[in-house]
Each structure stands twice: as structure tokens, then as C-alpha cells.
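Here is how the chains run, residue by residue.
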Amino acid sequence: MTRGRFIAVVGPSGVGKDSVMEALCAERPDLVRIRRVITRPSDAGGEAFEGITPALFAARAAGGDFALHWQAHGLFYGIPRDVHDVLARGQDALANLSRGMLGPAARVFPGLHVLHITATPEVLASRLAARGRESRAEIARRLARPAVTFPEGLRVSEIDNSGPLEHAVAAALEALYPERV
């Protein structure tokens, strides 16, 4: 049996990563969305995740419960190690990942494919403002961040999510499964 691929979805906050991932899984029921473990309350909203305390996260990390784990924005994030079971079954696994973890992810998951979700600055600013979580100044700082660079040798597909969601999903499907589109 062919081993599945780990597909890392990356992009700035507000770009629509979760919407693209949800729509991809709706189009491809064989695609498995990995539920991250995060040290924030489970009712915090956003993506579906397992919320745990920092102490429990540390204990689980020490026990080898994660294929990958990292810290960002004052929180700890983990990809459960059972993702390896999904890949061994020949299924592709999809997860929201920090861009800073792509190098380690490439070492853990041979054949890693990165979907870099983008949007124009105007669209991104509008989406961030609509969420109401950040001030105008904070949004401006986000938009002023330098362009993303990726580790050498990664397979990265840029997916523009500035327009209708179905256009981004079609582009992602073409990038991931060109033989089937």
C-alpha cells in the first residue's frame, strides 16, 4: 500500500486556512483532517481542536504523544502521533501548521506537501477586521510582516484565497491531486 502524505496548511491569520481545509475535506472524504492539541480553552472558537492545560501538554509531549509540537503566540501546539497511523493506511493527512515548523515537519513526514494559503493585503485586512479580535494597529503590524521564506527542497503550492472559496479549493485540489482533476 502507498503511504499517505502529510499536507501542511500554512498562511497568515485570517487568510481562510480553516475554511479551505474544511472544504477540501468535504470534496475529498478520504482526506483526514488532523485535530491539533492546543493549550487554550476548548471553547475558544475557531478550528476544532483539543484544548488542554500547559501542564498536561508538557506531560504528553514528554511521553511522546506528539509527532510534532511547538510554541507560538504564547500557546503550545501539537500534532498527535496517531497521524502516523493515518499515513500508514495510505491516507493523506491535512493539518494547520506553523511556518516555523516546516523544516522539522519535513524530517518527520517524508513527502511533505505544503499548501501556502495567501490573500491580497486588502482582503486579509478586511477579514481580520471582521473577526474583531485585533485593533487597526495590530492588523497593520500583521500586514507589514516580511514575506515568508520556506526551507529549501519543500514542495510548496501557493493557493490564492482572495476570491471565492471554491476557486481556492479547486486550485488546492489541482496542486494535490493533478491526476484526478
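It should be emphasised that the depicted structure is a prediction, and the values quoted were computed from it without experimental measurement.

Undergrad: Now, about the packing of aromatic side chains: what can you tell me, with residues and values included?
TA: On inspection of all chains with the given rule, the structure shows four aromatic pairs. Here the aromatic rings of phenylalanine 57 and phenylalanine 66 are separated by 4.6 Å at their centres, their planes lie at 20 degrees, and the arrangement is stacked. Neither residue differs from the other here; phenylalanine 57 and phenylalanine 66 are each classed as buried. Each residue in the set Phe57, Phe66 and Phe76 is aromatic and connected to the rest through ring pairs, giving one cluster.

Undergrad: Can you explain the packing of helix α5 (residues 121–131) against helix α6 (residues 136–143)? Please cite residues and give values.
TA: Here α5 crosses α6 at 145 degrees, and the two axes come no closer than 10 Å. The hand of the α5/α6 crossing is right-handed. Where α5 abuts α6, its residues Pro121, Leu124, Ala125, Leu128 and Ala129 lie against Ile139, Arg142 and Leu143. Of the residues assigned to the contact of α5 with α6, the class counts are seven nonpolar, no polar and one charged.

Undergrad: With reference to specific residues and values, describe unusual backbone geometry.
TA: One non-glycine residue, histidine 73, adopts positive backbone phi at about 55 degrees. For histidine 73, the position within the fold is in the loop between β5 (66–72) and β6 (75–80).

Undergrad: Give a description of the sheet that holds strand β8 (residues 113–118) that names residues and reports values.
TA: Here we have five strands laid out as an open sheet, ordered β2-β7-β1-β8-β9, and parallel in their pairing. A single partner strand is all that each edge strand has here, and the edge strands are β2 (32–33) and β9 (155–160). Here strand β1 (residues 6–10) runs beside strand β7 (residues 93–96); their pairing, made up of four bridges, is parallel. If you follow isoleucine 7 over to β7, its bridge partner there is leucine 94. The strands touched by helix α1 (residues 17–27) are β1, β2, β7 and β8; relative to β7, the strand with the most contacts, the crossing angle is about 165 degrees. Here helix α7 (residues 165–176) sits on the sheet and contacts β1, β8 and β9; the angle it forms with β9, its principal contact strand, is near 160 degrees.

What counts and how
Residues numbered from 1 in each chain as written. Predicted model: local features only at pLDDT ≥ 70, side-chain atom pairs only at ≥ 80, totals over all residues. Heavy atoms only, no water. Phe/Tyr/Trp six-rings, centres within 6.5 Å; stacked < 30°, edge-to-face > 60°. Buried < 20%, exposed > 50% of the residue type's maximum accessible area, 1.4 Å probe, protein only. Axes fitted to C-alpha atoms, helices over the stretch in contact; angles between N-to-C directions. Helix = DSSP H or I, 4+ residues; strand = E, 2+ residues; numbered from the N terminus. Left-handed = near helix turned anticlockwise from the far one by under 90°. Contact = heavy atoms within 4.5 Å. Nonpolar A, V, L, I, M, F, W, Y, C, P; charged D, E, K, R; others polar. Pairing = 2+ DSSP bridges.

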